[in-house]
Amino acid sequence: MAPNAHHVSAHPEAVRVQRGARTGQMIVVSIDSTRLGPALGGCRIRSYPTWQDGLADALRLSAAMTEKAALAGLAHGGGKTVVALDAGSAAEFTGPRRGELLADVADLVESFDGGYLTGPDVGSAPQDMIEIGRGTSRALCRPESAGGSGDSSGPTATGVIASIDAVREHVLGGRPLESLSFSLLGLGHVGALVGEHLAAAGARLVVTDVDTSRRALAERWGATWNEPDEALTADVDVVVPCAVGGFLTPETVPALRCRAIVGAANNQLDADSTADLLHARGICWAPDTVVSAGGIVSAVSREVHGASPDEADLLVRDIGRRLGEVLAAAASRDVPPLHEARRRVRELLDVSA
Ligand code: NAD
């Protein structure tokens, strides 16, 4: 991944690195921007070769969160927590010492005094937010049974589905789902929900996952199962990435056969310049920072602004309108949608180009 992929601001507003008082693990919080309001961004817990690698991840991920929040119309900035576990200590902290680790995270989150709100990310779950929530009130997405808005994959999938509708409207001549074909990469929490929707609507579906136990879903949907390395280049109208990022590169783009790419996977491009390659090939790439915002939109509207689940659902569906505006403006200027999204972020943050 290019170090500057998804960066708008070259410099974060604040970075705190603290060795956990209880566990000795290195914890990083990067606040990329609070220009529009308190920073939002989940808590990533995993081992890294060195804690400085975790710091680099936090800087990159917090910058992407600034874009995501701004493009979703939220009065929030971007941040991120990275807990860079010592090599080999992951088992200890998924097991008996998890509570201590989460208490260490809570200390650092609380030190921002409301300027930063955390939530689940890779390596953490809604259940963990209960523990973090014992030390700070700034932990979103606790389970619904504990008073939070719970797992965000449902609203994230709703945002992806609304985004697919925007792509149908703006790129595919308004053709209905049943006349279109899709290649869905990743049948996890988000992908399974998106696939269910597409299958129910009668779309032609090709699906893949590295976990072959997910093949049962393909059978249920009457979908064609592809190998992971074939699914990206399938001859379909739309590729829907819901697995990992970094797969759109100068090497893979020439082999694509789709008209559009729209999915939840974070950081899909290896570098910003790959958006130009996609545009030159006439492939519409919907920026993942717009498409995948359903989770934060739902959590913030429910937990910070007191919206009901139905009100939050409407706000999540509005992602389709927001993406449609980006696609239309990009098409009228004949630039990649990423350029238009970036232009909007700079305008919102009042940052000169
Ligand atoms: P998940 O872990 O539940 O599912 C990911 C699935 O992708 C798994 O089934 C995994 O086996 C599969 N996979 C991994 N590598 C693959 C590969 N190379 N080829 C094919 N399949 C592969 O994750 P999720 O919560 O469904 O999220 C999916 C993507 O969306 C991730 O990139 C995530 O960062 C992003 N995202 C998720 C949310 C959310 O609320 N869950 C919000 C924003 C963005």
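Residues numbered from 1 in each chain as written. Predicted model: local features only at pLDDT ≥ 70, side-chain atom pairs only at ≥ 80, totals over all residues. Heavy atoms only, no water.

Quick look at the sheet that holds strand β12 (residues 284-285)
Next, step 1: Taken together, the six strands give an open sheet; going across it, the order is β9-β8-β7-β10-β11-β12, and neighbouring strands pair in parallel fashion. Both outer strands of the open sheet, β9 (224-225) and β12, are each paired with one neighbouring strand and no more.
Next, step 2: Strand direction decides the pairing type here: strand β10 (residues 238-241) and strand β11 (residues 260-261), joined by two bridges, are parallel. Looking across to β11, one finds that Val239 is bridged to Ile261. (Pairing = 2+ DSSP bridges. Helix = DSSP H or I, 4+ residues; strand = E, 2+ residues; numbered from the N terminus.)

Re empty space enclosed by the protein
Next, step 1: For the coordinates displayed, the defined rule picks out one cavity of 30 Å³ or more.
Next, step 2: Each pocket or cavity is described by its volume, and for the largest cavity that value is around 40 Å³.
Next, step 3: In terms of lining, the largest cavity is formed by Ala275, Leu278, His279, Ile283, Trp285, Pro336, Pro337 and Leu338.
Next, step 4: Looking at the lining of the largest cavity, the elements that each hand over two or more residues are α9 (273-280) and α13 (337-349). (1 Å grid on protein atoms, 1.4 Å probe; cavity = no way out; pocket = protein on both sides within 12 Å on 5 of 7 lines; lining within 4 Å. Points joined across faces, edges and corners; volume = space filled by probe spheres on them.)

Describing the packing of helix α5 (residues 153-171) against helix α12 (residues 309-333)
Next, step 1: α12 packs onto α5 with a crossing angle of 35° between their chain directions and a minimal axis gap of 8 Å. The two elements α5 and α12 meet at a crossing, and its hand is right-handed. When α5 is examined against α12, the residues Pro155, Thr158, Gly159, Ala162, Ser163, Ala166, Val167, His170 and Val171 are found in contact with a partner set consisting of Asp313, Val316, Arg317, Ile319, Gly320, Leu323, Gly324, Leu327 and Ala328.
Next, step 2: Taken together, the residues of the contact of α5 with α12 break down into 10 nonpolar, six polar and two charged. (Axes fitted to C-alpha atoms, helices over the stretch in contact; angles between N-to-C directions. Left-handed = near helix turned anticlockwise from the far one by under 90°. Contact = heavy atoms within 4.5 Å. Nonpolar A, V, L, I, M, F, W, Y, C, P; charged D, E, K, R; others polar.)

Looking at the nonpolar core
Within soluble globular proteins, side chains that are nonpolar generally end up buried alongside one another.
Next, step 1: In terms of nonpolar packing, the biggest core is built from 57 residues, with Leu40, Ile164, Phe182, Val194, Val207 and Val240 touching the most fellow members.
Next, step 2: With seven residues, α5 is the largest single contributor of residues to this core.
Next, step 3: When we break this core down by domain, the ones giving at least three residues each are domain 1 (14-67 + 76-146) and domain 2 (153-291 + 322-349).
Next, step 4: Apart from the residues within four sequence positions on either side, Val207 is in contact with Leu184, Leu187, Ala218, Trp221, Ala223, Thr224, Trp225 and Asn226. (Core = buried A, V, L, I, M, F, W, Y, C linked by side-chain atoms within 4.5 Å. Buried < 20%, exposed > 50% of the residue type's maximum accessible area, 1.4 Å probe, protein only. Domains from an automatic or database assignment.)

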